[in-house]
Each structure stands twice: as C-alpha cells, then as structure tokens.
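Letter by letter, the chains look like this.
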Amino acid sequence: MTSPPADTVKLTINGQQLSAPKGMLLVEAAKLVDIDIPIFCYEPRLKPVGACRMCLVQIEKLPRLQTACTTPVAADMVVHSDTPEVIAAQNGVLELLLANHPLDCPICDKGGECPLQDNTFRYGPGASRFTEEKRHKEKAFPLGSRIVLDRERCIMCYRCVRFHQEIPADEALAAVQRGAESEIATLDGEPYESIFAGNTIELCPVGALTSRQYRFKARPWDLVRTPSICSGCAVGCNIEVHSRTETVLRLVSRANAEVDGGWLCDRGRFETVPTPQNCRPARPLLRRDGSLVEVTWSEALARAAELLGTGGGMLASSSVSNEALWLLQRVSKRLPVALWPPAALASDWPVQGKIENLARCKRIVLVGLDAWTDLPILALWIRKAVQGGARLVVLGDRNGLWRSTTAWLKGDPLAHLTEAANTLQGEGPAAVLAHPSLVASGRTQLEALATALGATGATGLVGAPPLGANARGALDVAPDVARADADQVLTSKALLAIGDEQWSELHAGSFARLILATSQELHDDPRIDVVLPMAHAYERQGTITNLEGRIQLQEGGASPPPHARADWGIVGALAQQLGIPGCPGELHAIRSLLADEHPALTNVLREEALIARV
C-alpha cells in the first residue's frame, strides 16, 4: 500500500476512506467524498467559530460530539455524521432555533434560498413541541439606507459581525446585549453605512438581513440568473444578474478567486442596477418647437449626424464596451472623441501584475489613491495582505484603510515618496499604486519608488489603476480616444454624450447642442436636441477590460426597452450615417474585425461561442 503524501492525512468519514490536506477542516474534507454536513455559522471565507452547533459530528475515541467546522483532520481519524447521537443533536439545534423563529416564510425574501429552510426539511425533527408564545422583537427595522433587519428571524450565527471584523475591518456591526437578549446592531445606534454592507445579505443564512431595493420584488425560482461583470469600477468583479419579466431586480456576487474573492461592494451591488424602464425614454426623441418628441431611429440618427457633421465631438463614458470603444477609435479619425470623466484614466502608466498578487505582497504603497472609495474590492485585497503581515503606507489626505495602515503621510502625495521608500525597506513582494491624476506630473518619481521597493508586475501590482469600469479597455482598443483631451471636445458646437454618466452636470459650451445616448432617466435640459435610448450594460452583450488587463464577458441579463440599442449599435449606426468606412453595426461583424486587430480578445470570444452552443 502506498503511503499518502507528506502534506496529506488519511481518515474515514461515514465509512468512506479519503485523503485530505493537513489542516483542512472536517466540514470541507467531507465534501471531498460528497458528504454534506449541515452548517449555519460556518463560511469558508471567515474564521470558524462553532457558534451554531449544527455541524456536530461523532469522532471515535473522543468522549463527546465535535464541531466539524472547527476540527481539523487528523491521521486515522474516524468520523460519523449520521449516528443516532448526531441526528439527535441536529434535531435539537433546529428545534431550539425554530422555537422563536417566526413562521413567515411565505413573505420572507429569503424563502426558497434559505439554509434554515433547507436544513429543517433535511435534518429537522419535522414537528415542534414548543407551544408557548414566540418571542417578539422589532421587525423590518431600517438598519441602514439599503439594509433591513428583522431581529425575530436572526439566529445569531454572527456571520455579518465576523465579516465586518475580519474582511473590511470596519466594525460596522456588533453583537449587543447578552444571553437570550443578544442581537445584531450598530454601535451607539449609528447608521449602517459600510460600503460593503450588501455582502451581509448574501452571508445571512436566514431572512434577518434583506435588501431594501429588492424587498418583496420576486421569489428565487422566478428569477433568470445571468453571469456578467460589474460596471461600477475598474476591478471587474464577477456578478450574477437576477431578472424577472425582463427587469433587472438585483445583483449578487459570483466568486472569482482571482478578481474579487467572492465579495461585491455596495456601489456595484446597488448603484449599477438599471433605471426602471418606465422612467427611461421609450423611443428616440428629437427637439421640435422647443419640445422633445418621439421619432424614428432614422430621423434621430439623421439629425445627430447633421449636428455632428458641423463641428461636433463625442464624449464616451469609460464604462462602454470594448466593441463600442473600437468603433469610437475609428470615428475619432473624423471627429474628436474623448472619455468622460477624464480623471478616471491613466494613459501613461498602466497597471502591471495581477490583482491576486496583492494578497501575497509584504509592502504596499498607495500614492494619492484611496482604494476604499475609488476601488473598494481592491481595498479588501490590500486588507487581506495586511492580515498576512504586509505593511501599508498611504500618501495623501484620503485613506479609507486607516485601520490597516502602518503609516499615513498626509499632504502632497508626491512629496512623501522618499519617506515611504525608507519606511518600507525590507524584503518580499511589493505593490505601488498611484491615483491616475498624479501620473502626468510624477511618473518618473513613481517609477523610481517602485524600483526602490523592488515592486514588479511578476510578484506584485504596479501602476496607476484606471478608475472607470472599462478605461483599461479604452487604452487597449481605443488609445487615441483614451488619450484625447476631454476639455477640447467640450468646446465643440455639437456634442454626443454616450454612456451612463451624470451628463446633466456636463459643462459644455453655452451654445452647444447635445445628443444624448443613455439608459438613464432623462432630465429636462434645453440643450438636448436628440435622445438615443441605449441598452444598459446588463441588457446587452459586450466585453470589458479590468484594471489588470483581464478581458471579461459582460452578458445581458434582461432585455432592454423595445426601441433601445446597445452602445456599439448606436456608435456603428452613427458612423455609417456620417459615412465613416469600416464601422459595422452588427455585433458579430464588430467582433470579427476587433479580434483581428486585438488577438487577446479571441479566447474570450471563443469561450462565449462555446457557452452559446451549450
């Protein structure tokens, strides 16, 4: 018989022999042989605490039942998860949890995807012996602007509290009171406003923490689930778009261990949900006699081309797709085209390295970049590095990671580079990340700092990450657009603004006429002459590139309004109307030409083709 590798141990679970890595918890080892051990408080990304006791198992030679979520595997261990003692313990845990749990599953947003429901049906006693009146607590308490807390449903698994203690370390939630009166709350009654609060909705194993945005909108079995990419910032978090009757109702995280670690910030979760279709333009609009009236696409495109043909320019949101950006690159040979907002891009120092490298870095410098606010999930990677022993130095006045910072040097970020280098002398992988607005004046100094620390893309992360969702894609497929002067474009006589930005705040020339292509609600603006209804990023197909240069598919999880078009469809149609050659309006034609010029897209598009066949 061959002996197991030195870093594994052999054990037996329910009569099945297996080998598992040393240090692996029993609850995870059981999965290797398709044995399910019920859990409530356990979450692989959080430290185990054994609070709920649902995962009790029997281990031979030990006098009492043990929690599988806190017990590591050991050589020759013999484990049972289906003995009468274990079953009785599971029944007891569930019976006590349900003694005061309200029977409001029919109106609970968690119903249908609730671990408490699932475990009760599979492991519960089937009947309750509890006849007394249940304990009553506050229901539908607005814990924050986006989260509702139902204290009657809470089973005190502490997942939400542990998340805020361990992952962002912002201590946004706490367990207050003692014993049977314990409950989840914010300290001192402060509002629950963490930028990562939405993750607790997914972590909660019952319906205690629910989304105010999604509340009473749908049942899980009614939802169409589509994998896509968040358009909130340049990290490129993987998400799942949940829609019903062609309306996007919510976004949930879709774990990608190399990009987001399974987390999602509230900006992406809540703020990128499409505007309800009844609040958006249903058809193209054209200004006639001082009012915007519905017209055909042909009329709207003809008028837009007429305006753009006489001293016009284009501003594109940095969240539009690679396909649209590639077309805009061709349009830029005829008209001035730039990205908006300009501060979201660094055209001279693109990031080198992988996001996941941050977790292994031992020295990190943020120069004028507040990752907590600018790129929230990147902040969680930095926090993970700090937990692993990394030292973090932040230069500048903004620092949401102050709890994890070794040194915070306020003032002009570029004035403290030498001090940062001296503070972080040592060995190990390093990362240097700068705000894109500092590159023009300080790239030489920033590169010198990276060299002094030995920071490279091979082991760390180096550069000025663009802040816009697809600003890196603009650098790759539309470099002329990415490097164009937006202020110069603003002087145009007519201006096409395409994408979902706050265009009402656009400071164009006082006599400029605006052509608006957006999926947002339309605000009354006498400067607008043409409105082109656009499909939201979660309502069309496209690709976007995150800050590290990773190209990802952005799939539509719902249909756009009947007369709306994708961003690439609008740009292609306008280009044809302007007589610009080589600008098709069909997605397959655009992608064929795009892949010829940018081979890196080929694998991504081939993957989509394979998925479509399945």
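Provided above is the structure to which this section pertains.
Residues numbered from 1 in each chain as written. Predicted model: local features only at pLDDT ≥ 70, side-chain atom pairs only at ≥ 80, totals over all residues. Heavy atoms only, no water.

Draft legend 1. Expanded view of the nonpolar core. By size, the foremost hydrophobic cluster in this structure holds 54 residues, and its most contacted members are Met314 and Leu532. Broken down by element, the residue count for this core peaks at seven residues, all from helix H7 (residues 297–308). By size, the runner-up hydrophobic cluster in this structure holds 49 residues, among which are Ile239, Trp372, Leu392 and Ala431. (Core = buried A, V, L, I, M, F, W, Y, C linked by side-chain atoms within 4.5 Å. Buried < 20%, exposed > 50% of the residue type's maximum accessible area, 1.4 Å probe, protein only. Helix = DSSP H or I, 4+ residues; strand = E, 2+ residues; numbered from the N terminus.)

Draft legend 2. Spatial organisation of the pairing of strand S13 (residues 247–253). With six of seven residues buried, S13 lies mostly within the body of the structure. Two elements, strand S12 (residues 238–244) and S13, share six bridges in a ladder whose sense is antiparallel. Counterpart to serine 243 in the pairing with S13 is valine 248. Where S12 folds back onto S13 in an antiparallel hairpin, the turn is made up of two residues, including threonine 245, whose phi is positive at roughly 50°. (Pairing = 2+ DSSP bridges.)

Draft legend 3. The arrangement of the pattern of salt bridges in detail. Applying the stated criterion across every chain yields a total of 34 salt bridges. Arginine 269 is paired through a salt bridge with glutamate 202; the nearest N and O atoms lie 2.5 Å apart. You can see arginine 269 sitting in helix H6 (residues 266–271) and its partner glutamate 202 sitting in helix H5 (residues 199–203), a full 67 residues away along the chain. By relative accessible area, glutamate 202 is classed as partly exposed at 30%. Aspartate 476 is the salt-bridge partner of arginine 472, the closest N and O atoms lying 3.8 Å from each other. Placement of the pair is arginine 472 and aspartate 476 together in helix H13 (residues 471–477), with a separation of four residues, close to one helical turn. For arginine 472, a relative accessible area of 13% gives the class buried. (Salt bridge = Lys/Arg side-chain N within 4 Å of Asp/Glu carboxyl O.)

Draft legend 4. Quick look at unusual backbone geometry. The amide bond that connects tryptophan 340 to the next residue, proline 341, takes the cis arrangement and shows omega of 0°. With respect to the helices and strands, the residue proline 341 is situated in the loop between strand S17 (337–340) and strand S18 (352–353). Positive phi outside glycine occurs at lysine 61, with the angle close to 80°. Judged by relative accessible area, which is 86%, lysine 61 ranks as exposed.

Draft legend 5. How the structure looks around the sheet that holds strand S11 (residues 224–229). Ordered by their spatial adjacency, three strands build an open sheet running S11-S12-S13, and the pairing between neighbours is antiparallel. Only two strands of the sheet have a single partner each, and these edge strands are S11 and S13. Between one strand axis and the next, the sheet turns by 30° as a mean value, whatever way the strands run. (Axes fitted to C-alpha atoms, helices over the stretch in contact; angles between N-to-C directions.)

Draft legend 6. Summary view of the packing of H7 against helix H16 (residues 567–577). Following both chains from N to C, one finds H7 and H16 inclined at 65°, their axes separated by 9 Å at the closest point. Of the two possible hands of crossing, H7 and H16 adopt the one that is right-handed. In this structure, H7 uses Trp297, Leu301, Ala302, Ala304, Ala305 and Leu308 to contact H16, whose residues at the interface are Ile570, Ala573, Leu574 and Gln577. Tallied by class, the residues present in the contact of H7 with H16 amount to nine nonpolar, one polar and no charged. (Left-handed = near helix turned anticlockwise from the far one by under 90°. Contact = heavy atoms within 4.5 Å. Nonpolar A, V, L, I, M, F, W, Y, C, P; charged D, E, K, R; others polar.)

Spatial relationships are all this shows, so hold off on functional conclusions.
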